[in-house]
Each structure stands twice: as C-alpha cells, then as structure tokens.
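In case you want the letters, here they are:
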Amino acid sequence: MSTAVESQPRTYEVKTYGCQMNVHDSERLTGLLEDAGYVATPAGEQADVVVFNTCAVRENADNKLYGNLSHLAPVKALRPGMQIAVGGCMAQKDRDTIIARAPYVDVVFGTHNIGSLPALLDRARSQEEAQVEILESLSVFPSTLPTKRDSAYAAWVSISVGCNNTCTFCIVPALRGKEKDRRPGEILAEIDALVAEGVTEITLLGQNVNAYGVEFGDRQAFSKLLRSCGAIEGLERVRFTSPHPAEFTDDVIEAMAQTANVMHQLHMPLQSGSDRILKAMRRSYRASKFLGIIERVRAAMPDAAITTDIIVGFPGETEEDFLATLDVVRQARFAGAYTFQYSPRPGTPAATMDDQVPAEVVKDRYLRLAELVNQIAWDEGTALVGRSVELMVAEGEGRKDKATHRLSGRGPDSRLVHFAPDFSTLVSVESVRPGDMVTVEITRAAPHHLVADGPVLSVRRTRAGDAWERRHSEPAVPSGTGLGMPSLGVPPPLPPAPSCG
C-alpha cells in the first residue's frame, strides 16, 4: 500500500561546476527531471535526488567532487530512497573510479548522454544497484532535450558541442568529443521560440564557437549566423563565447560591426603572450596574430570591450616568456581577464612535460599578472566615467546590492554596472524588473565593475521584463540548479573557468 509520503513527487537539486556548457547542460538536466515528474527542492530542505554536474578542468576538481559526495553519505544513510547522480566531465573521465571511491552513488552518466538521467535513476531504484552509462560520442544533439532555463530574459543557445583542437593543457576535447554543429535553421528556430517567450538577449555557445560550420563545410557559417540573428525582430542583444584566435576571421568582425543587435564585446582567450609557449601549448596562432585581430576589431568597433583568459606557469615558461605575456597584456588593453595558475591535469600532454615551473614561481607571476590586468581594467573603466550607457537590468549580479540598495545591469559591452535606484522623478524602483532597460551615467570605476550613483536617466519596460514578471507572479518554486561556478547572473557572460577556445 502506498503512503502519502510515497505519493508526493520526488524532489531534486542540481549542483553545477565549471564552464558555460555545464551551466547550459544543467538547464537541460533540470528540464529532463521536471519532465519526468520531479520537482525542485523547497528552500532549506534536502532533495530526494542530488545531481552533480561536474568539471574536470579546474585544479582539485576531483577533490571537490569527492568532498561534496562524502558530506552527503551520512545524509543518504538516514534517508531511504535518496539518490545521488554524478554527470559531466569528471564522470566522463573517472567512469571506472567514482563508484569505487563513493559506493553510495547511484548513477554515473557522461557528457554525451545527459538525456538518460531519468531512466538511469529509475533503473537504479528498481534494481537497487548503481547504474553507470558513459557514451563515447553524441547521438542526439542536447538542444533537443527539455530545458528549464534559469532566466526569463536571457538565454544560452548552443550552436556546437565538442572541439577539434588539441591544446596540450586542455582535457575538454577528450571528454566532449569532436565538434558537432547544429544546422543554422535549427538554431534560428530555437532563438525565434525564445524571443516569442520574452527573451531579448541570447549568447551563442560553443567550445570553439567561431569554428562553427566546419562539419558542413561552410567557413563563413558563423558570420552568416550572426547576420541572421540581426533579422530576428525583438532580439535586442546577441553575444557569443568563446572564439579561438586561430580561426577568427575578418568576416566575423564585419558581421559584428554591421549587425545592430550583435554586441561590441569579445572574449578571446590569449593563454600566453610568448610564441614559444603558445607553440608548446599547440595554440595555432602567435602573439602578433592575436594583437592583429584586436587591432582590426577596434578599428571596426572603437567601443569594443575585449576580455581574455591567460595561463601562467605553463611547463617550461621562463621569466622572458612571462614578460612577453605582460607585454601583450599592455598592448591589448583588456577590459578584463581571467588569469589562472597552471596546474597539471591528468590525461593531458602538458601534465607529463619536463620543466614544470615551481609553485612559488607560478604564484609570484600570477600575482604580478593580476596586478597589471586589474590596473588596466580599472583604467579602461575610468575612461567611461561621464558616459551614458543603457543597461539590461539583471537579477543576482551584485553581491552587495541588498546592502547598498543598488540594482545591477550589464551594458552592451557586458561590463557590470551597479546603479542607484533613484527613480523619484520617473518611476518607482519596484516597477523596474530584470530584463528592463535603464539608461544611467557612469560616475566611477573599479577593476571589475562600474558604478552609476547619479539619477537614472530613463527607463524602458520590455517584453523581457514582462516575461520575468510573469514567471515570478506564479507560485514560487525555487530553481533546482545550485550553481557552484560561475556565479554572475544568468547567463553569466564570463565564468571564471578556462575557456576551451
């Protein structure tokens, strides 16, 4: 006989670590679980099913996973029927060891079969034994799966998965597989549907986004896609991440400059400014090519904000190599940069290279690089003081917003701006919603954000704000996606994790 407790729908929580692709995959996992009848866990309660969507790129990713799993072991022991699932890149890599190290895990699934999760949970429950399913290649493009998007006003749209590069520090191609491209019509149909729901900003997503089209032989497919996005009525902002410098072509620059809703913002990983180290990394470009791309981007779009990823302490890196990186940073004048201390990732060629740089040297270089990057970003932001900028009001972007009573938003260049909600002469703060547009004047800068403490100059209520309001006027159900990284909004434009590009 079933009890009242058993008749209640099972609850879930998804914990996400890593890159943009993992965040978007978690939206699909959430959609799959809700499609199968699960409901998001109410705030403060323990979920019946906890899903870890893991990353294998960051240092100590495995320690973090097994530490989190060990914390759940005693909880599960006291909750009959509770299930734990591990997916993502760490699951793809450690398929044979997760159950051995954490025998209380119920399901292990890989990057190519996220759609199997509900069935694997059912099978583990009925057979009372762990289920491990890891596919070596993608059979169905993930965008065909149900998706519960975290934002009502902005959305990720995958245009490709996988990567054909062989960077010696990166394990992602081994875990995500070779690049597979969606057809343009499928992508545009998804964007049309999102816009119809109220989304006004989309971010085109791929491990190497500007290589899009390689699978069907069109070298200009990406620039054509950008131009096609410009024809979608109601779509106000288009972004993309992350391109690879080796394949960044002038037709993309032209499309960015000539398509009104494509933002003048570019995140392009440098990784190193030393040609010798770039060669050792198997990065098929050199510093002069990288700087040439930046020069042409700024010639076409003088207001462009360019950000990057940089690794310090790669095996064999000398002080001269490091100084070359600093020189490129000075010339490039990045609006921001994610900087990383190199750490060996098992399974990558770089992990077994000679001349591993001592940790204390890596740390010293990292601190010197971070100081330069922050100073340049601060200077570049200070140059914007006094300018008016239109922001898309964001949800959950500012860590101190509640204390300062500020709201936050992002400009066309994706810079984060905190602004004072002084609407005394316009409209009450309560009526400005995430997804709406406000115009403010920048009053001061910091290395990682801008501030507008003056009066709001104008407010434009949007369909995106309407969509946010509709979602939040419904009975509140907390999102089941607990994000470990990234943490800046939805979708976060620049998560603090190395790009594959």
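If you're wondering where the values come from, they're calculated on a predicted model, not measured in any experiment.

Asks: Looking at this structure, how should I read the packing of helix α10 (residues 250–258) against helix α12 (residues 287–300)?
Replies: Two quantities define a packed helix pair, namely the angle between the axes and the distance from one axis to the other. Between α10 and α12, the shortest axis-to-axis distance is 10 Å and the interhelical angle comes to 25°. Classified by the angle their axes make, α10 and α12 are roughly parallel. Crossing angle aside, the handedness with which α10 passes α12 is right-handed. For the pair formed by α10 and α12, the contact residues are D250, I253 and A257 on the first element and I293, R296, V297 and A300 on the second. Taken together, the residues that form the contact of α10 with α12 break down as 5 nonpolar, no polar and 2 charged.

Asks: Help me understand unusual backbone geometry in this model?
Replies: A negative phi holds for most residues other than glycine; trans holds for most peptide bonds. Note that the residue after T241, namely S242, is joined by a cis bond; omega there is -10°. Position of S242 relative to the elements: it lies in the loop between β11 (237–241) and α10. Positive phi, normally seen in glycine, also occurs at R333, with a value near 55°. Among the structural elements, R333 can be located in the loop between α13 (319–332) and β14 (336–341). On the basis of relative accessible area, R333 is assigned to the partly exposed category, the value being 29%.

Asks: I tried to follow the nonpolar core on my own but got confused; where do I start?
Replies: Among soluble globular proteins, nonpolar side chains are generally buried collectively. Counting residues in each nonpolar core, the largest one holds 57 residues, and the members touching the most others are I191, L204, L226, F240 and F248. The element best represented in this core is α12, accounting for 6 residues. Beyond its immediate chain neighbours, meaning those up to four positions away, L226 contacts L204, V238, F240, V252, A255, M256, T259 and V262. By size, the runner-up hydrophobic cluster in this structure holds 23 residues, among which are L72, C89, I134 and L175.

Asks: Explain the packing of aromatic side chains to me, please; I cannot follow it from the model alone.
Replies: By convention here, two paired aromatic rings are described through the distance between centres and the angle between planes. Inspection of the entire model under this criterion finds 5 aromatic pairs. With centroids separated by 5.0 Å and ring planes inclined at 80°, the aromatic side chains of F222 and F240 adopt a geometry described as edge-to-face. One end of the pair, F222, is in helix α9 (residues 221–229); the other, F240, is in strand β11, with 18 residues separating them in the sequence. Across the pair, exposure class does not vary: F222 and F240 are buried alike. When the centroid spacing of 6.1 Å and the interplanar angle of 70° are considered together, the rings of F290 and F334 count as edge-to-face. Linking F290 in helix α12 with F334 in the loop between α13 and β14, this pair joins segments that are 44 residues apart in sequence.

Cut-off values and rules
Residues numbered from 1 in each chain as written. Predicted model: local features only at pLDDT ≥ 70, side-chain atom pairs only at ≥ 80, totals over all residues. Heavy atoms only, no water. Axes fitted to C-alpha atoms, helices over the stretch in contact; angles between N-to-C directions. Helix = DSSP H or I, 4+ residues; strand = E, 2+ residues; numbered from the N terminus. Parallel < 35°, antiparallel > 145°, perpendicular 65-115°, else oblique. Left-handed = near helix turned anticlockwise from the far one by under 90°. Contact = heavy atoms within 4.5 Å. Nonpolar A, V, L, I, M, F, W, Y, C, P; charged D, E, K, R; others polar. Buried < 20%, exposed > 50% of the residue type's maximum accessible area, 1.4 Å probe, protein only. Core = buried A, V, L, I, M, F, W, Y, C linked by side-chain atoms within 4.5 Å. Phe/Tyr/Trp six-rings, centres within 6.5 Å; stacked < 30°, edge-to-face > 60°.

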